[in-house]
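Residue-level listing of the chains:
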Amino acid sequence: MIRYVLRRILVMIPTLLVVIFIVLALMNLTPGSPALIILGQDATPETVDQLNRELGYDKPFVVRYFQYVSELLKGDMGESYRTKRSVFTEIITRFPTTIKLSVLEMVIAVCIALPIGVFSAVKQYSAFDTVSTVSAMFLACVPAFWLGLMLILVFALKLHLLPSNGTDTWVHYILPALTQAIPQSARSMRMTRTSMLETVRQDYIRMARSKGQVESTVIIRHALKNALMPVITMVGIDFGFILGGTIVVEKVFSINGIGTLILNAIQVKDIPLVTGCAVFFAFFYMLTLLLVDILYAFIDPRIKARYQGKTL
Amino acid sequence: MSEKLLEVKDLRVVYNSNEAVVHAVNDISFDLLPSETLGIVGETGAGKTTAAMAILQLLPERTGRILNGQILYKGEDLLKKTTNEMRKIRGACISMIFQDPMTSLNPTITIGDQIKESLEIHNHKNRSKTELDARVDELLTLVGIQSSRKYEYPHQFSGGMKQRVVIAISLACNPELIIADEPTTALDVTIQAQVLAMMTELKEKLNTSMIMITHDLGIVAQTCDKVAIMYAGEIVEKGTVRDIFSGDHHHPYTVGLFGSIPDLEVETKRLTPIDGLMPDPVNMPEGCKFHPRCKSCMEICRTQSPKASRFGEHVIVCHLYDQEVCSWNHY
Amino acid sequence: MLKISGSAEKPEDMQKKRSSFINADTWRRFKKNKSAVIGLVIFLLFIVCLIFADLIVPYQKAIEQNLRIRMQGISSEHWFGTDIYGRDIFARIVHATRYSLFMGIVSVVVGIVFGSIIAAIAGLYGGKIDRCIMWIMDTVLCIPFMLLALAIVAALGGGLQNLLLALVIASVPIYVRVIRSSILTVVESDFVEAARSCGTPDRYIVLKHILPNAIGTVIVQATMSVGTMIIWAAALSYVGMGIQPPKPEWGSMLAEGKDYMLNAPHLVIFPGMTIILCCLSLNLMGDGLRDALDPRLKD
């Protein structure tokens, strides 16, 4: 098992290298050079060229790529073109905020979606099922950033109940978290319900009932574990979308997180900052996927056996 | 005359789907004495599994409906029992072995725990954990599995072993009746023989009654005392094994079934199957349901359902035996 | 070749029984599903807006600024009110359909075409090619969708085409995953093995067996994805990386209106509801299609 985890962590390295390549290549395609953007249109070509040389932007792309990677391996993420501060510092100060927000969004979504999805499936065609299915159908179509605006409108501006921007206290996290949590919970709830419906039709459920087992135990002990497995995988994959969506949520709520950082950085072609943020995002997401896989292995003995290298 | 263990009277089951109503079981009746084995034979789709599930009331909630009939277990009608009362019967008095061992076991729970579950549910004597564990070991040994394997998961067992586990589960609480729904169909032939031999041995040792549902007449000959032949949801012929296998009078369907078995001794160029297919359960033919495929079809068969004709324990539901031979009584 | 007589069915007949094959039965089941039909009707309304936008309301109304009547509420003249520049919101929403819905549909269609080709190569050739392709796809998927799309738009510049390209590139890996697993399910199934064992050429197997069965999943996925793409396109426009003004787009309308929404909530409510309605109609259709193709899941 440990070997499997170590192997997965090792595979992250080439993946990250490719991610860096893609991001640097894209930044390279952006029109204009960083110096031009920093100094503005009025700067003379000489000063632009000089700044570019200072920034190291005059070298060819491949050289810059390897330079970046070798610096990264030494632990140096470079300095922001604009603020001259260490990229690492910029990211580390804002990283906790974004992560707290994203994780909170996912946790809320799962806490809402799982019980409702399971209950809807168990009581299929009941009033509860109909109401929850219809609501989920509707809520899954709501754009997160629009919901954010609506929440601000109602709770912050009209009712003055909750703050609409910043992240000073935990209360500030409520509205931003709900923004993505609600549509995500709708999607996860549908997934849970479908998975549960399929599981409940399996032969081993019928077998458990034929033993005379009480229905609630059949659901909890037999159906639940098996039904939740594909849901967990999906939650892991969806986390990637949540992470990306947090960029927009931070803009809506004026939250100073990595999302805001990278948004601004892209617009001014602050290459080290953009690359640094992209690396952080990708790394964190890959870590999440790994955690999900490990969790899956603990739940499903067949997968555990596979990871441990046991054969039938 | 010993008391009947199970008596099924005029059982009728339908499935209500969005598209149509499926007549799965149409007024069947049979009974079973203690320690007796009844074989229910028929092709796929004849309604055998539905009848078995109806006894334990395990039909799919939304679609399965028991429209009519009585299922008397030791004199009490199971159809009138509450859900709780049925739960006490399932597993403890009547247990079931399902067809596909590959999917009957929960892949995420050890087999030991799955066997123990049966014991825990019906633990009236409040036995301790150690006593239950001992019983699990005992059961595993009984079906020929090392008791140390109880911590393993289903995927670590082969098909035949899995079915043994299922059998162990069904025997756990010493039921009086086991309903085995094609227990060996999903296994290959050599394993089939092993599992069958084991089931027969256990059955005799523990004096359990069994309903053996199968489409294999060979298995019926090996294991059953009585036979009921089902076609299109009805029992068309029933009797003792002797009646069915060596009697002179048979329902044309039975004749066809036996005729389609390859004979080791006789040399033929082709096998003789029964022409045609089982009728669509949504759209049953008028009169006798077998008449479109019957070689002895008469005019009356097309319009009137035949009545049962009885000779001792042997019952045949066919117009051929209507005005018959003096010793046959009619219903 | 051994001729198996009697009840052995030809692969074609077995395939016809597989429920993910689109035929008249599918359409009949779809029609019975009320919510699916409602979804279809609403979607068709949007299509009408897409095609006949100019006939419903002239484009001028959507971009003509008139500061004197800015931020007015609902009235008989301006059904959805006016925005911060005095433009008619209803007109803008109708014309925005051309961009938003068009983007959603085209991005999905192009994405699925490319995704199918790549998935087919991976699924059918297998082995090293499969592993290599899937590794590349998984790597791209490690970059959160929004981030990748943002970076691509930043690299190529704003505007409709580049936004489309960004959405396509970022979504292809997702389609490849889904379509490949759908293809593999069919390739590894018994009836394809049966066809192969009869000596059926690969080309025939792909056309007659793999495509019809995989296509059901693909169409359901496509329908649901259009809604998602519309939302992502709107999100990109909201952060300023998408369609540039004065062209109307549902997302950029939200960006424009957000600073004034306390006093003029209609600026934000109507475009948002439109996105929801469009996405909802697509999802209802997608669900209905899925149920129609494989009714087993219902009961």
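Heads up: the structure comes first, above all this text.
Residues numbered from 1 in each chain as written. Chains lettered and ligands numbered in written order. Predicted model: local features only at pLDDT ≥ 70, side-chain atom pairs only at ≥ 80, totals over all residues.

Visitor: Describe in detail the interface of chain C and chain A, supporting the description with residues and values.
Guide: Across the contact, 32 residues belong to chain C and 36 residues belong to chain A. Elements with a minimum of two residues in the side of chain C that touches chain A: helix 7 (145–156), helix 10 (202–238) and helix 12 (266–293) of chain C. The element best represented in the side of chain C that touches chain A is helix 7 of chain C, accounting for nine residues. The residue makeup of the side of chain C that touches chain A, split by class, is 26 nonpolar, five polar and one charged. (Contact = placed C-beta atoms within 7 Å. Helix = DSSP H or I, 4+ residues; strand = E, 2+ residues; numbered from the N terminus. Nonpolar A, V, L, I, M, F, W, Y, C, P; charged D, E, K, R; others polar.)

Visitor: Mind laying out the sheet that holds strand 4 (residues 64–73) of chain B, listing which residues take part and the relevant values?
Guide: Residues and elements named next belong to chain B. An order of 2-1-4-5 is seen for the four strands of this open sheet, with the pairing classed as antiparallel. Only two strands of the sheet have a single partner each, and these edge strands are strand 2 (21–32) and strand 5 (76–77). Bridging between strand 1 (residues 6–16) and strand 4 involves eight bridges; their strand directions are antiparallel. Within strand 4, the position partnered with Val14 by the bridge is Arg65. On the sheet, helix 1 (residues 48–55) packs against strand 1, strand 2 and strand 4 and is oriented at approximately 65 degrees with respect to strand 2. (Pairing = 2+ DSSP bridges. Axes fitted to C-alpha atoms, helices over the stretch in contact; angles between N-to-C directions.)

Visitor: Go over the packing of helix 5 (residues 89–125) of chain C against helix 10 of chain C, please, and point to the residues and values.
Guide: All names here are of chain C. Between helix 5 and helix 10, the shortest axis-to-axis distance is 8 Å and the interhelical angle comes to 130 degrees. With respect to their mutual orientation, helix 5 and helix 10 come out oblique. Classified by chirality, the crossing of helix 10 by helix 5 is right-handed. Along its contact with helix 5, which presents Ser100, Leu101, Met103, Gly104, Ile105, Ser107, Val108 and Ile112, the element helix 10 presents Val218, Ala222, Ser225, Val226, Met229, Ile230, Ala233 and Ala234. Classifying every residue of the contact of helix 5 with helix 10 gives twelve nonpolar, four polar and no charged. (Parallel < 35°, antiparallel > 145°, perpendicular 65-115°, else oblique. Left-handed = near helix turned anticlockwise from the far one by under 90°.)

Visitor: Kindly report on the nonpolar core, identifying the contributing residues and their values.
Guide: Cys277 of chain A together with Ala149 of chain C are the most contacted members of the largest nonpolar core, which totals 248 residues. Each of domain 1 (101–174) and domain 2 (249–328) of chain B accounts for three or more of the residues forming this core. Among residues more than four places away in sequence, those in contact with Cys277 of chain A are Ile91, Ile258, Leu261, Ile262 and Ala265 of chain A. (Core = buried A, V, L, I, M, F, W, Y, C linked by C-beta atoms within 7 Å. Buried ≥ 20, exposed ≤ 12 C-beta atoms within 10 Å, placed from the backbone. Domains from an automatic or database assignment.)

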